[in-house]
Each structure stands twice: as structure tokens, then as C-alpha cells.
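# Structural features, examined
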Amino acid sequence: MKVYEAVARVLVDQGVTDVFGVMGDGNLKLIPHLTSTAGVRMVGARHEAAALAMADGYARTLGRVGVCTVTPGPGRTNTLTALISARKARTPLVLLAGDTPHGVPGLPQDCDQDALLAAAGIPVQPFRAETAAADVAAAFERARRAPGPGASSMPPDVQDAEHAGAIPPPPTPVEADVVAPDPDQLAAAVARLRTAERPIVLAGRGAVRAGAREAAIALADAAGALLATSLPGKGYFDGHPWSLGICGGLATPLGVELLRDADVVVGLGASVNSFTSKAGSLFRPPTELIHVDADAGAIGAYTPATLAVVGDAGATAVQMRDALVAAGPCEGEGYRTAAVRARLDDFDLAQAHADASDGEALDPRTVCARLEELLPRDRSLVTDGGHFCGFPAGYLSVPEPSAFIFSRDFGSVGLGLGTALGAAVARPDRLTVLGIGDGGLMMSLGDLETAGRYGIPLLVLVFDDGAYGAEMHFLRMLGLPEEQSLFPTPDLVGVAESVGVRGMRIRSLDDLEGLAAAAADLSEPLLAHITVNRDVRAEWLEEAFARTVGH
């Protein structure tokens, strides 16, 4: 058995059914063996960044290890932006990248790939002919346990060698260790929560991964608290009568008011970074933060914590709730008052803005509010980076957090299309909706052809303001000329149709009815080119400006 055949065997044993990548001399034998012999589906991208983003979107949607394969040198370096984004999102992912042959020095693709990945914070698994199968299996195990992306460098001459080592057995499910909360820390947190007048229970990515939804709700019920989530937890508490939705820059206007007035916030597995704290405008003293996380180093890393509780989000929520109930009625009034109930019942996000559609361009807020009503609710939502991104993320609901991917963990633009393609491959039973700007689409345009070539059902909403919108608004805030941020947009419907993707031009709100009808039972990619009013400035952008430009 050749080494590349052993690698393919391990992938099948690991349960891999789909691989994303770009073929080159570094994986020239592995890919055909995977597809023709091992029965694995290969989705071939046009660019390695998109291929890695596809594996990322696939893994985030399904909650299992994504796999990407590329060739050495530029093939590897092209993945770096998407790899760092996956690292920041802690996506379980394995990159199987070719390397230059050991026996042929001085090739153009030769570079210190492992050092590049180490600088990006990506662990590299050793890869040797005698232990290649075990090495790849170890990369999968590390990706699951960390969780996060890792890589292997596979020279073709090593891949072509005979594999003499044993093939490791398929993995068996292992329950993750649950970090029990410290009793003294827990007691202090419960004592403070009992006296809270306006408490909030805030769930983040750690709570979602711990399966802590019901425990968090029970804790909030016992404390009389409102519920909220960080952005990665979007949709977690939707439907609960005391849910505020997203906390931070993408919070609703009412949510911001109620969050700002909180006196105690229990953060369950949430980093409480600058996005969640609305650039530090939320959770300022006298608001107190009880920060719960299984990783002690994550507590207070971005927002100072009044009380720290090191423990699993789910287990800690259960014990806090039990201790509250055992202690009897809370001393504080709680946040679930008749006045708050009335405000929640009366609030309608779709009516919270004055429509700025002007006959030439549409208000993106109005577009997204209307699409929330029209599109199927059982959907996945992916947003690319850019000024527009808060509009679909804020207005379009999802059935659960795994159905939402905000593809700018690294602050990047252009990863959304690949990420959405991976999500659509992972869940073909759901409508996958991508929100992307004209700049992000043009940056990743080659892989629109990938959607057409494979006929991947995907609704692409292009919010076209004819600019790099964030930069345009930053320039306006600084009183600087904006011309260099403006770009003419080609006929995206014509561009889409030239690569096998159906296109629709959206010029009015009435056109959204036809778009929704076409998307109701989508069997192929569909692109909607929506001209939006560039003078509508997202509220979250002012916080980004304060953090990075106007400080």
C-alpha cells in the first residue's frame, strides 16, 4: 500500500465523505484515489482560500472535522487568511497540503511551510512514510480535541513510498472532559446573582458547544433574567419570550437599552470581546460581569470580570440554578417586569428605521426585513465581511447557531462565498443564504463558477453599494476624499449567467417577491444583484471606527 493510499484509508475511517481543495502536483495521486477508489466526494475550488473556507463552512455547519487539500508553496500560502479565520473560530479542520519533494531541492514552490503555519498559530502534524496513517489520524484527533485547524505537509516522494506502518482503528466517540466549577467561585457568583435587580444570562460559543441551552434558560428563569447571545450563538434563544437576541454591535435598539441597564451579566462561554460589549459601551461599571468559562485564560481577556467561575458552561449553569432554587426566592426584583414585557411585545425591528430607499437604490435594512418574511425559515445564513454584513446578520433569523456563520473572524473580506458553498454542501436540505457585498464578491468571483459547475443550491444576495463601503464611511467620518473607495460594479447578473449561475436584478421591493418564489425550492445557485443606498450607514460601523480608526 502506498502512503497516499493509506492516507485515503484513514480519511474514510475518520468518516470523511467530502473533501474540498485545489489539485496540484502535491496531491495529484491522492485526489483521484479518494474519488475513484475510496468514494469520497471532492469539491474542486478555483482558489485555495475558497477551498479552505469551504471546509470551514462545512465543519461549522455539521460540527465535524472539515478536510481541505492543496498543493505546496503558493497553494499552501493562499489558504493562510482562511486558515487563521478558522483558527479564531476554533473550527475543527485538517489541511492536507503537498510539500516539495525531499529529493529535489531548489524548486520554485519551495518554502518553509511549517514555519509559516506556526507563525499563523496552526499546528503541523509530522508526516513520515512509516507512520503516515497514524500521523493523519493524530491530526484529526487534535482538530477535534482542541478544537481547531491543523495541517500536515506531505511531500510527493513520501506519499509515493510504501506504507509499512499499521492503519489505526477508526475513532471511537469519547466524551469530552467537563470542567466542574470551583465551589467557592460558584458560591460567590450565586450570592451576587440572588441580589441582582436587572440580570442578563449571556450565552456564547462555549455554551453552544457545551449544549447548555436548557441549562442557561433554567438559570435565567430562576434568576428572573433576560437572555442574550454573542454573535456565534445567534438563534440560540429565539422563541423564548424573554430573549433579546444578539448582544453587542448587532443588538436591536431595544436590546441595547436593556443590556446597557443590566446590573449583573452572567457570561456563559462567551469571550465578551469588543463586538459583544459594543466597543466597551456595554458592561461598564456599575454593571458587574460574572464570567464563566472552562478556559481560565479566557476569563476577563477582553472585558474585566467582577467574578470569575472556571467551569463548563452547561455544568456551571445547572449548579448555579440549583443553588439559586435551594436558597429560596431571590432578593432582587429581577428583570422580568411587566414594563419590560410590554416593551418586548411592542418592539418590531422591521419598523425601527425610516426607510431610505430612494427610487435609485434600496435601503438594505428594509430589504433584509422583507426577506425575513419571505424566505423559508429553515435556512443557513452566511455573511461575508464588509459594511453591509450587519444587515443580514441582524435581520435574518436562523433555526439554530450552527445555521449561522459570520465569516469574518479574522476581519477578512472575500471568504463568504467559499464558506457558504461548504455550508450548502453540508446541509443540502436547507436553503443556504449568503449575504455578500460587491467588493467581497469581486474578490472571490472565481468560485462563483464553482457553484455553477457543481449546481450547488445557494442563494447569493449581493448588496451592491458601488464601493468598499466601510472604507467609504470611514473616509467620510474623517472628512477625507472618498473617491478611491468607490468602484463601478459590472452587470453581476450577466457575470453570474456566464458561469452557469442564474441571476436576478432586484430594483424594487416588489422584486423580492419573485426572488423568494425562485428560492422556495432551490436546486441550483441563484444570485440576486441588489443595488443599495450607500448613504445608509450601519450603526456597528461607528464602533469599529472608534476601535480602529478614530482612536
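Summary of the structure given here. The structure presented is a predicted model; accordingly, all values stated were derived computationally and were not measured.

Broken down by element type, the protein carries 23 helices and 18 strands. Relative to the globule expectation of 24 Å for 551 residues, the C-alpha radius of gyration of the protein, 24 Å, shows essentially globular dimensions. Principal-axis analysis of the C-alpha atoms places the extent of the protein at approximately 70 × 60 × 45 Å. At a minimum sequence separation of 6, the contacts of the protein that also span at least 24 residues come to 76%. For the protein, the exposed surface amounts to about 21,600 Å²; the carbon and sulfur share of it is 53%. Side chains of the protein carry 44 positive and 67 negative charges; the gap between the two charge centres is 2 Å.

Adjacent strands of a sheet form backbone hydrogen bonds with each other and so pair up, either parallel or antiparallel. If you trace the 6 strands from one edge of the open sheet to the other, you get S2-S1-S3-S4-S6-S5, paired in parallel fashion. If you trace the sheet from one side to the other, it starts and ends with strand S2 (41-44) and strand S5 (124-125), each paired once. As paired strands, strand S1 (residues 18-21) and strand S3 (residues 66-70) are joined by 2 bridges and run parallel to one another. Each residue of the ladder has a partner; that of Phe-20, found in S3, is Cys-68. Strands in contact with helix H3 (residues 48-62) are S1, S2, S3 and strand S4 (93-98); relative to S3, the strand with the most contacts, it is inclined by about 170 degrees.

Relative to the helices and strands, Asp-438 is located in helix H18 (residues 438-443). Buried and unpaired, Asp-438 has no salt bridge, with Arg-534 as the nearest side chain of opposite charge at 7.4 Å. Apart from residues no more than four positions distant in its own chain, Asp-438 is found in contact with Val-462, Phe-463, Asp-464, Asp-465, Gly-466, Ala-467 and Thr-489.

Negative phi is the rule for most residues except glycine; trans is the rule for most peptide bonds. The residue after Ala-146, namely Pro-147, is reached through a cis peptide bond having omega -25 degrees. Cis geometry marks the peptide bond from Pro-285 to Pro-286, where omega comes out at 15 degrees. By the element assignment, Pro-286 lies in the loop between strand S10 (264-268) and strand S11 (288-293). With a phi angle near 65 degrees, Phe-283 is a residue other than glycine that sits in the positive phi range.

The subject of this paragraph is the pairing of strand S16 (residues 459-464). Among the 6 residues in S16, 6 count as buried, and that is most of the element. The side-chain alternation of S16 yields two buried faces, one formed by Leu-459, Leu-461 and Phe-463 and the other by Val-460, Val-462 and Asp-464. Relative to S16, strand S15 (residues 431-437) runs parallel, the two being bridged by 5 bridges. Directly across from Gly-435, in S16, lies its bridge partner Leu-461.

Under the defined criterion, the tally for this structure stands at 29 salt bridges. Residues Arg-321 and Asp-322 are paired through a salt bridge, measuring 3.3 Å at the closest nitrogen-oxygen approach. Its relative accessible area of 40% is what places Asp-322 among the partly exposed residues. Put simply, Asp-56, Arg-60, Arg-205 and Asp-409 are held in one network by salt bridges that share partners.

Attention now moves to the layout of surface pockets. Of the volumes computed, that of the second largest pocket is approximately 1,100 Å³. Considering the residues around the second largest pocket, the lining is formed by 41 residues, among which Thr-252, Phe-347, Leu-349, Gly-394 and Tyr-395 are closest to the centre. Of all the secondary structure elements, the ones that give two or more residues to the lining of the second largest pocket are strand S9 (243-246), helix H12 (253-260), helix H14 (338-346), helix H15 (364-374), helix H16 (390-395) and helix H23 (539-548). When its residues are assigned to classes, the lining of the second largest pocket shows 18 nonpolar, 12 polar and 11 charged.

Once that is clear, we can look at the packing of H3 against helix H5 (residues 80-89). Two elements in contact, H3 and H5, have axes separated by 8 Å at closest approach and are oriented at 20 degrees. With respect to each other, H3 and H5 are oriented roughly parallel. Crossing of H3 over H5 shows right-handed handedness. In this structure, H3 uses Ala-49, Leu-52, Ala-53, Asp-56 and Arg-60 to contact H5, whose residues at the interface are Ala-82, Leu-83, Ser-85, Ala-86 and Ala-89.

A pair of packed helices can be characterised by two numbers: the angle between their axes and the separation between those axes. Where H15 meets helix H22 (residues 511-519), the axes come as close as 10 Å, and the angle between the chain directions of the two elements is 40 degrees. One element, H15, and the other, H22, form an angle in the oblique class. Once H15 is placed against H22, the crossing between them reads as right-handed. The segment H15 lies against H22, with Val-367, Arg-370, Leu-371 and Leu-374 engaging Leu-512, Glu-513, Leu-515 and Ala-516. Counted by class, the contact of H15 with H22 contains 6 nonpolar, no polar and 2 charged residues.

What counts as what
- Residues numbered from 1 in each chain as written.
- Predicted model: local features only at pLDDT ≥ 70, side-chain atom pairs only at ≥ 80, totals over all residues.
- Heavy atoms only, no water.
- Helix = DSSP H or I, 4+ residues; strand = E, 2+ residues; numbered from the N terminus.
- Rg over C-alpha atoms; globule rule 2.2 N^0.38 Å.
- Contact = heavy atoms within 4.5 Å.
- Areas by Shrake-Rupley, 256 points an atom, 1.4 Å probe, with all protein chains shown as cover.
- Lys, Arg positive; Asp, Glu negative; His and termini not counted.
- Charge placed at Lys NZ, Arg CZ, Asp CG, Glu CD.
- Pairing = 2+ DSSP bridges.
- Axes fitted to C-alpha atoms, helices over the stretch in contact; angles between N-to-C directions.
- Buried < 20%, exposed > 50% of the residue type's maximum accessible area, 1.4 Å probe, protein only.
- Salt bridge = Lys/Arg side-chain N within 4 Å of Asp/Glu carboxyl O.
- 1 Å grid on protein atoms, 1.4 Å probe; cavity = no way out; pocket = protein on both sides within 12 Å on 5 of 7 lines; lining within 4 Å.
- Points joined across faces, edges and corners; volume = space filled by probe spheres on them.
- Nonpolar A, V, L, I, M, F, W, Y, C, P; charged D, E, K, R; others polar.
- Parallel < 35°, antiparallel > 145°, perpendicular 65-115°, else oblique.
- Left-handed = near helix turned anticlockwise from the far one by under 90°.

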